[in-house]
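Here is what each chain is made of, one letter per residue.
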Amino acid sequence: MTALTGIRVIELAREPAALSGKLLGDMGADVVLVEPPSGDPARHIPPFFEDQPGPDRSLWWWHHHTSKRGVCLNLDTAEGRDRFLALISEADMLIEAEPAGRLASLGLDHDELLRRRPELIHVSITPYGRTSANAQVPMTDLTLMAGAGPVWSCGYDDHSLPPVRPSDGQGYYTACHYAVMAALTALVHRLGTGEGQFIDVSMHQASNVTTEGGSYNWLVARETVLRKTGRHASSFPTSESQVRCRDGIWLCSGVPPRAPSEFRRLLEWVRECGLEERFPEAVFLEMGAQPETCPSIADIGIKDEAPAIFSAGRDALVLIAESMDAYDFFIGSQNRNIPSGIIYAPEEAFEDPHFRARGCQVEVEHPELGRSFRYAGAPYAMGASPWRISRRAPMLGEHDGEVFGG
Amino acid sequence: MKKGALSGIRICDFTGQLAGAGATKWLAAFGAEVIRIEDPVRKGSWDILRGMPPYKEGKSGLEMGGAFNNHNVGKLGITLNMKSERGRELLAEIIRQSDCVTENFAAGVLERWGFSYERMKAIKPDIIYATNCGFGYSGPYREYKTWGPIVQAVSGLTFASGLPDQPPAGWGFSYMDHTGAYYMAIAILLAIIHKKRTGEGQFVDLACTETALTLNGPAIMDWTVNGRPSRRPGEPNSNRSAYGRMAPHGIYPCKGDNEWVAIACRNDADWRRLSTLPGGPIDPAHAGNTLAERQADEDSLEATIAAWTAERGKYDVQAMLRAAGIPCSAVQKPEERADHDPDTSGLFPVVTHKAMGEVRVDGIPANFSATPWHMDAGAPFLGGDNEDVFGRLLGLSPAEVAKLHEEGVI
């Protein structure tokens with residue numbers, strides 16, 4: 001048995017909520033995905049299997065709906081609502097991202113559901129929360145990330161370029177992470193008391209508290225951070241932190257050395273690469289490597305040589321990067337206890353030997369195609385209650401018979 | 001106060017920074033007793049954020065770190081010198097009375113102190129031991145060090161954020177410190193549920209880089225199923241919609257310095273609304289254009305919209321497009337969303353910190369009907385709860401606690 005074996009989750013299919021059901025299903029919950037008879041529009045989100053659109057060919061759908069069974073229900077009919085209430089009467093959780101007001105208009109909102117099923121944990125995910133004056137304002141992942149703070153902090157030193165939405169879909173994910181934390185917290189409470197409850201998650205609020213210094217520099221010090229290329233937004237100037245390697249691949253070189261031991265390790269690496277002759281600034285690395293001459297950040301503007309010593313650290317990293325491929329830089333620096341990270345494309349990370357060794361690739365059977373495909377694996381390794389994809393995403397109405405009987 | 005959802009659960013907490021501390025912050029907000037353990041010798045510097053800026057009103061000091069306070073509200077603070085025999089004995093006693101031990105050190109630190117999972121299990125058979133470290137406890141990179149930006153780099157998240165012909169823009173903050181903490185909290189809650197249902201504890205090996213990798217699902221599937229890499233000309237362009245799903249879809253300049261607005265047309269209906277907007281950016285003659293037609297020269301389309309938005313205030317554009325039913329949002333600055341946005345009401349509660357006074361912190365973006373969250377007390381002082389915790393849990397008298405302090409044990 002795994003952590004959520006026997007826990008029945010009803011998920012009303014909507015794009016923003018999809019990850020939450022997957023996180024629960026992959027941990028053993030019995031997730032029943034409820035779609036309208038016409039199918040969830042998210043079945044048409046690209047990319048598609050062999051680039052051919054079709055309701056069972058969306059790779060977005062495949063990824064986000066693993067370990068779920070699928071049924072069709074028309075909630076606009078009395079019969080559909082009865083079947084939904086029958087599902088709820090045996091459910092532990094309902095997760096939904098219906099527009100605010102929709103379930104109430106159907107007589108299926110939390111007050112009614114909890115009256116019938118007091119143990120139910122009903123989690124609602126909406127753009128601005130159920131009670132917002134903006135409850136009907138439309139939202140996409142882009143507009144969510146723009147309004148809630150992440151976009152303000154991301155982009156380039158060149159502020160004539162627009163700020164950047166970092167990656168796709170992460171605003172929805174953040175809401176789902178909160179929805180799952182909330183649902184599991186409520187489940188712990190219920191295991192002790194038998195009491196269910198209603199939880200109202202705001203997507204806008206979820207990303208608002210996922211900006212790190214963007215929020216707290218303002219809340220604490222009334223400072224406004226400004227975006228910078230590939231590194232933390234901040235209200236003061238900071239050193240660049242990305243280097244381009246010989247093969248054109250970028251790498252995050254992190255924070256340049258500050259402590260003598262860090263200068264020492266970098267100087268040794270410069271020497272091992274045979275680059276010292278070409279690098280007159282090595283003398284500054286030597287000064288940094290000596291505790292007597294290594295400056296502190298506070299010495300900038302006080303000791304004349306301090307800026308030269310600090311910038312020599314960054315210059316050495318750039319020089320080494322020009323001499324080798326990004327993967328070799330990454331391994332070489334980490335083996336010298338100089339933290340760095342190669343900037344992998346997602347598929348490159350997926351094929352990396354470390355992640356493969358940890359089991360990041362799992363095979364999922366698609367019996368309808370007579371094939372299996374490699375999927376992204378577990379987000380955590382749990383010894384006693386392992387993560388597992390129990391089945392591929394459901395086809396439209398695939399489990400109607402199984403779930404409803406007859 | 002009503003009992004919290006997690007009342008009665010005790011966490012023996014070695015976490016720091018945001019990637020670990022963020023997880024136990026959630027647990028504390030729902031009533032778990034989180035006992036945060038710090039090093040008395042190095043004055044809590046296991047957590048690099050302790051005593052670091054931002055500072056309220058410029059006042060610095062070990063207890064004045066703004067980020068540290070933000071991530072540690074509602075926790076208890078004790079000190080333990082793990083180099084001392086007595087310190088390790090005290091830890092064993094705390095573990096014996098805890099449900100879960102949490103940490104986000106480099107792999108193997110607790111084991112080197114003599115607290116492997118096996119040893120903890122011998123002390124408390126159903127203990128949960130949850131770790132969050134960059135590359136995890138197994139695999140060739142397990143010794144490698146990370147922090148947020150490196151996690152984001154090696155997992156594909158940095159690559160996926162940027163504009164064409166530019167270096168990666170990446171993330172201007174440690175998204176994976178937040179999100180690693182969310183997954184750590186999820187894993188701890190799953191382990192608590194498992195323990196309540198079976199009586200069994202477990203070891204949780206969360207590798208933050210691996211967690212991050214799973215957040216690239218569609219790109220990974222496009223690779224494994226279709227053989228198409230994300231590293232290809234023109235990609236990434238993360239202000240556009242992924243896989244050409246929507247257009248227009250971008251972030252445009254507005255009147256003023258560094259003012260921007262995001263606009264997305266989800267479908268033909270949104271496009272029709274935009275192109276028939278009175279005084280809008282698009283010639284209504286194009287209202288019938290299909291997605292493919294809009295994408296045929298998307299750069300020109302974006303330039304047309306940008307020329308229009310540049311003449312207007314971002315909130316004016318937002319109001320005008322929202323009234324027409326088109327997804328649109330000003331790119332909000334911290335002060336705008338924290339101080340002037342009705343939709344963050346209650347989200348940034350004021351906590352009372354013993355040195356900083358009243359400070360606002362990141363709250364929780366959810367309302368619970370039966371078990372609301374609470375954030376009242378600021379982060380603990382270094383060893384600030386020694387007398388309470390060692391007295392209440394271990395039965396030590398104030399004099400004994402004072403002696404431990406004198407001996408350098410706590």
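The shown structure was predicted, so the numbers you read here are calculated from the model rather than taken from an experiment.

What counts and how
Residue positions within a chain follow its written sequence, with the count starting from 1. By the order in which they are written, chains take letters starting at A while ligands take numbers starting at 1. Two thresholds apply to this predicted model, a pLDDT of at least 70 for residue-level local features and 80 or more for giving and counting side-chain atom pairs, whereas whole-chain, interface and lining totals are computed over all residues. Hydrogens and water are ignored here; the side-chain numbers use all heavy atoms of the structure. Think of it this way: any DSSP run of H or I at least four residues long counts as a helix, any run of E at least two long counts as a strand, and we number them from the N terminus. Partly exposed residues are those whose accessible area sits between 20% and 50% of the maximum for their type, while under 20% is buried and over 50% is exposed, using a 1.4 Å probe and protein chains only. Note on contacts: a residue pair is in contact if any heavy atoms of the two residues lie within 4.5 Å. Counted charges follow a simple rule, with Lys and Arg positive, Asp and Glu negative, and His plus the chain ends left uncounted. Working definition for charges: the position is that of NZ of Lys, CZ of Arg, CG of Asp or CD of Glu. By nonpolar core is meant a set of buried Ala, Val, Leu, Ile, Met, Phe, Trp, Tyr and Cys residues that side-chain atoms within 4.5 Å join together. Joining two parts hides part of their accessible area as seen by a 1.4 Å probe, and the buried area is that hidden amount summed over both. What counts as a salt bridge is simple: a side-chain nitrogen of Lys or Arg found within 4 Å of a carboxyl oxygen of Asp or Glu. N or O atoms closer than or at 3.5 Å make up a polar contact, with two conditions inside protein: a donor-capable atom paired with an acceptor-capable one, and, for residues adjacent in sequence, both atoms drawn from side chains. In this count, Pro and Cys sit with the nonpolar residues alongside Ala, Val, Leu, Ile, Met, Phe, Trp and Tyr, while Asp, Glu, Lys and Arg are called charged and the others, Gly among them, polar. Think of it this way: DSSP has to see at least two bridges between two strands before they count as a pair. What counts as an axis is a line fitted to C-alpha atoms, over the stretch in contact for a helix, and the angles between N-to-C directions run from 0 to 180 degrees. A score between 0 and 100, pLDDT records how confident the predictor is in each residue. Here roughly perpendicular refers to angles of 65 to 115 degrees, roughly parallel to angles under 35, roughly antiparallel to angles over 145, and oblique to all remaining angles. Crossing handedness: left-handed means the near helix sits turned counterclockwise from the far one by under a right angle, and right-handed means the same turn made clockwise. A cavity here means a set of 1 Å grid points, computed over protein atoms only, where a 1.4 Å probe fits but cannot escape. A pocket is an open set with protein on both sides within 12 Å along at least 5 of 7 lines, and lining residues have an atom within 4 Å of a point. Grid points are joined across faces, edges and corners, and a volume is the space filled by probe spheres set on the points.

Visitor: Would you mind going over the overall build of chain A in detail, with residue names and values included?
Guide: In terms of helices and strands, chain A carries 17 helices and 14 strands. Over its C-alpha atoms, taken along the principal directions, chain A stretches across nearly 80 × 50 × 45 Å. Within chain A, the fraction of its 406 residues that count as buried is 63%. Here the analysis covers contacts within chain A between residues at least 6 apart in sequence; of these, 67% occur between residues at least 24 apart. Within chain A, the 55 negative side-chain charges are centred at a point lying 3 Å from the centre of the 37 positive side-chain charges.

Visitor: Hey, could you go over the nonpolar core for me, with residue numbers and the actual values?
Guide: In terms of nonpolar packing, the biggest core is built from 128 residues, with A:Leu4, A:Leu24, A:Tyr380 and B:Trp26 touching the most fellow members. For this core, the element with the most residues is helix α7 (residues 175-198) of chain B, which contributes 15 residues. Beyond its immediate chain neighbours, meaning those up to four positions away, A:Tyr380 contacts A:Leu23, A:Met27, A:Trp387, B:Tyr183, B:Ile186, B:Ala187, B:Leu190, B:Asp205 and B:Leu206. Judged by nonpolar contacts, the second largest core, of 42 residues, contains A:Ile249, A:Leu251, A:Ala376 and B:Tyr141.

Visitor: Before we move on, could you go through the interface of chain B and chain A and cite the residues and values that matter?
Guide: Chain B puts 147 residues into the contact, and the matching count from chain A is 146 residues. Summing both partners gives a buried area of about 12400 Å² for chain B against chain A, and 65% of it is carried by carbon and sulfur. Seen at the junction of chain B and chain A, the total is 6 salt bridges. Counting the contacts that link chain B with chain A gives 70 residue pairs in polar contact (both at pLDDT 80 or more). Here the element with the most residues in the side of chain B that touches chain A is α7(B); it accounts for 18 residues. Classifying every residue of the side of chain B that touches chain A by side-chain character gives 77 nonpolar, 44 polar and 26 charged. One ladder, built from 2 bridges, connects strand β14 (residues 381-382) of chain A with strand β6 (residues 202-207) of chain B; its direction is antiparallel. Within β6(B), the position partnered with A:Ala381 by the bridge is B:Asp205.

Visitor: A description of the environment of B:Glu293 should follow, citing residues and the corresponding values.
Guide: Checked against the element boundaries, B:Glu293 lands in helix α11 (residues 291-296). At a separation of 2.7 Å, a polar atom in the side chain of B:Glu293 contacts the main-chain amide nitrogen of B:Thr290.

Visitor: Tell me about the sheet that holds strand β9 (residues 328-330) of chain B, and please be specific about residues and values.
Guide: Residue and element names in this part refer to chain B. The strand order across the open sheet formed by 3 strands is β7-β8-β9, and the pairing between neighbours is antiparallel. Since the sheet does not close on itself, it has two edges, and those belong to β7 (249-253) and β9, each with one partner. With direction set aside, neighbouring strand axes in the sheet form an average angle of 20 degrees. As paired strands, strand β8 (residues 260-264) and β9 are joined by 3 bridges and run antiparallel to one another. Across the sheet, the residue bridging to Ala262 is Ser329, located in β9.

Visitor: So, the confidence of the model for chain B: which residues are in play, and what are the values?
Guide: Per-residue confidence for chain B gives a mean pLDDT of 97; residues scoring 70 or more make up 100%. For this predicted complex, the interface confidence comes out at an ipTM of 0.98, alongside a pTM of 0.98.

Visitor: Describe in detail the side chain of B:Gln202, supporting the description with residues and values.
Guide: Residue position: B:Gln202 is located in strand β6. Once you skip the residues sitting within four places of it in the chain, B:Gln202 turns out to touch A:Met382, A:Gly383, A:Ala384, A:Ser385, B:Tyr117, B:Ile127, B:Ile128, B:Tyr129, B:Ala191 and B:His194.

Visitor: Please provide a residue-by-residue account of the packing of helix α1 (residues 17-29) of chain B against α7(B), values included.
Guide: Packed helix pairs are characterised by how far apart their axes lie and by the angle those axes make with each other. All names here are of chain B. Put simply, α1 and α7 touch, their axes get as near as 7 Å, and they point 45 degrees apart. On the basis of the axis angle, α1 is oblique to α7. As α1 runs across α7, the sense of the crossing is right-handed. Residues Leu18, Ala19, Gly20, Gly22, Ala23, Trp26 and Leu27 of α1 pack against Asp177, His178, Gly180, Ala181, Met184, Ala185, Ile188 and Leu189 of α7. Taken together, the residues of the contact of α1 with α7 sort by class into 10 nonpolar, 4 polar and 1 charged.

Visitor: Which residues make up empty space enclosed by the protein, and what values go with them?
Guide: Applying the stated rule across the entire model yields 5 cavities of 30 Å³ or more. Here the largest cavity is characterised by a volume of approximately 170 Å³. Lining the largest cavity are 16 residues, with A:Tyr178, A:Val209, B:Gly22, B:Lys25 and B:Tyr182 sitting closest to its centre. Sorting the residues of the lining of the largest cavity by element identifies α8 (170-193) of chain A together with α1, α2 (66-71) and α7 of chain B as the ones contributing at least two each. Looking at the lining of the largest cavity, the element that brings in the most residues is α1(B), giving 4 residues. When grouped by side-chain class, the residues that make up the lining of the largest cavity number 9 nonpolar, 5 polar and 2 charged.

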